[in-house]
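Understanding the architecture of this molecule
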Amino acid sequence: MRLTAVNGRAHIQIGDRLVDVAEGSGGNLPSDPMALFDRWADLVSWAGSAADGAPTVALDEAKVTCPVPAPRQVFAIGLNYRLHAIESGLAIPEVPMVFTKFPSSITGPFGELVVATPKVDWEIELAVIIGTTARGVSRADAWSHVAGLAVAQDYSARDVQMTPKNAPQFSLGKSFPGFLPIGPWVVTPDEVPNPDALRLWCDIDGERMQDSNTDDLIFPVPVLIEYLSSVTTLMPGDVIVTGTPAGVGLGRDPQVFLQPGQVVESSIEGLGTMRQRTVAGDWSWTP
């Protein structure tokens, strides 16, 4: 099943068209995408049968909004690809490096990205959306708690992230408005050939900047769910952005950062493509 949102209303894909979940279910399921994660099993059951014959609409990118617009918790993982750790000049971590992106940074998969500081970087990431409450979950059972997968971008203002020098503020530097686009789909794991090995890439103005595969994750999805749920409770609709591969602007020599007027395309096989056009910000932040 593939879930998206159109003008904030949940839709599923049937063929090359969309069905409004609330309308197609006769009001038995909500239109709010976040409310659906608490009823994920009901949605999947309906989508497999009752959605047949429901009225459909054409997909219009201009109307697509974030399918996970307001999760209760967002977990982000740093240095989770071997080559990215190397390009960052840091040791391979022994346990997952966890921070958060504040939910106010979440936006839809298409639109503008305000270049809020002079050092905004790109980071293509696989997003995992939790479908059932998870506490003390083993890695063997982890996938059963996943509602779906999505494309995400962990845009990062490196100047804010690395200030002050000896106490970096990862969460703050990665939480400007629009710094966490997610979408265009939430795709159930059964819809992709191998959810543990997905190719992901990021292009800027048509130039390939990142190109990798999630089979290079230091801590794969089941390990992350096991680790996080050993500390806290994961709830339906929570998002885990699982880390970025090599190729970020900070790791280049010379370093490269986003400028107004560029197009960033972020893709994961089987999950779709997001697109942002960068625009000028007020550049008023100072350390």
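Described in the following lines is the structure provided in the data block. (Residues numbered from 1 in each chain as written. Predicted model: local features only at pLDDT ≥ 70, side-chain atom pairs only at ≥ 80, totals over all residues. Heavy atoms only, no water.)

1. Some points on helix H3 (residues 40–47)
Heads up, the rule is: Throughout this description, buried means an accessible area under 20% of the type-specific maximum (1.4 Å probe, protein chains only), exposed means over 50%, and partly exposed covers the range between. Secondary structure is summarised from DSSP: a helix means a run of H or I of at least four residues, a strand means a run of E of at least two, and numbering begins at the N terminus for each. By construction, the arc corresponds to the directions joining the helix axis to the C-beta atoms.
Among all positions in H3, only Trp40, Leu43, Trp46 and Ala47 are buried. One side of H3 carries all its buried residues, which in axial view fall inside an arc of 130 degrees. Opposite the buried face of H3, at more than 90 degrees from it, the exposed residues are Ala41 and Ser45.

2. Observations regarding the sheet that holds strand S16 (residues 207–213)
To keep things clear, this is the line we draw: In this scheme, strands are said to pair when DSSP sees at least two bridges between them. Structural elements are reduced to axes, namely lines fitted to C-alpha atoms, with helices fitted over the stretch in contact, and the angle between N-to-C directions of any two is expressed from 0 to 180 degrees.
Here five strands make up an open sheet; going across it, the order is S9-S19-S18-S15-S16 and the pairing mixed. The open sheet has two edge strands, strand S9 (110–115) and S16, and neither has a second partner. Each adjacent strand pair in this sheet contributes to an overall mean axis angle of 20 degrees, direction not counted. Relative to strand S19 (residues 272–280), strand S18 (residues 263–268) runs antiparallel, the two sharing six bridges. What sits directly across from valine 264, in S19, is glutamine 276.

3. Quick word on the environment of isoleucine 106
Put simply, the rule is: Any two residues whose heavy atoms approach within 4.5 Å are treated as being in contact.
As for its placement among the helices and strands, isoleucine 106 is situated in strand S8 (residues 106–107). Once the C-alpha coordinates of isoleucine 106 and proline 69 are considered, the two residues, 37 residues apart in sequence, prove to be 6.4 Å apart. When neighbours within four sequence positions are excluded, isoleucine 106 is seen to be in contact with Cys66, Val68, Pro69, Pro71, Val74, Leu180 and Ile182.

4. Some remarks on the layout of surface pockets
Stated precisely, the cut-off is as follows: Grid spacing is 1 Å over the protein atoms alone, the probe is 1.4 Å, and a cavity is where that probe fits but cannot get out, while a pocket is an open set with protein on both sides within 12 Å along at least five of seven lines and lining residues have an atom within 4 Å of a point. Grid points are joined across faces, edges and corners, and a volume is the space filled by probe spheres set on the points. Polarity classes work like this: nonpolar for Ala, Val, Leu, Ile, Met, Phe, Trp, Tyr, Cys and Pro, charged for Asp, Glu, Lys and Arg, and polar for all others, with Gly in that last group.
In this structure, the largest pocket occupies an estimated 330 Å³ of space. For the largest pocket, the lining is made up of 22 residues, of which Leu79, Ser88, Gln161, Met162 and Phe170 are closest to its centre. Elements with a minimum of two residues in the lining of the largest pocket: strand S6 (74–78), helix H4 (82–87), strand S7 (97–99) and helix H5 (158–161). Among the residues forming the lining of the largest pocket, the class breakdown is nine nonpolar, seven polar and six charged.

5. A word on empty space enclosed by the protein
Applying the stated criterion across every chain yields a total of one cavity of 30 Å³ or more. Within this model, the largest cavity holds a volume of roughly 30 Å³. Leu126, Pro195, Asp196, Thr214, Leu217, Pro220 and Val221 together form the lining of the largest cavity. Tallied by class, the residues present in the lining of the largest cavity amount to five nonpolar, one polar and one charged.

6. Concerning the environment of glycine 48
Take glycine 48: it is sitting in the loop between H3 and strand S4 (57–58). Exposure remark for glycine 48: the relative accessible area of 60% places this residue in the exposed category. Each C-alpha atom of the pair glycine 48 and glycine 237 lies 21 Å from the other, and the pair is 189 residues apart in sequence.

7. Section: the side chain of glutamate 123
For the record, the criterion: Here a polar contact is recorded for every N or O atom pair within 3.5 Å, except that within protein the pair must consist of a potential hydrogen donor and a potential acceptor, and residues adjacent in sequence are included only if both atoms are side-chain atoms.
Relative to the elements of secondary structure, glutamate 123 occurs in the loop between strand S10 (120–121) and strand S11 (124–130). Separated by 3.2 Å, the side chains of glutamate 123 and serine 156 make a polar contact. Discounting chain neighbours no more than four positions away, the residues touching glutamate 123 are Ala152, Gln153, Asp154, Ser156, Arg158, Lys174, Gln210, Thr244 and Val248.

8. Focus on unusual backbone geometry
For the bond running from glycine 183 to proline 184, omega is 0 degrees, close enough to zero to count as cis. Looking at the element boundaries, proline 184 is found in strand S14 (residues 180–187). Omega for the peptide link from aspartate 253 to proline 254 comes to 0 degrees, which places this bond in the cis form. Mapped onto the elements, proline 254 comes out in the loop between strand S17 (239–241) and S18. Its identity as a non-glycine residue notwithstanding, asparagine 7 has a phi of 50 degrees, on the positive side. Assignment of secondary structure puts asparagine 7 in the loop between strand S1 (2–6) and strand S2 (9–14). The exposure class assigned to asparagine 7 is exposed, which follows from its relative accessible area of 56%.

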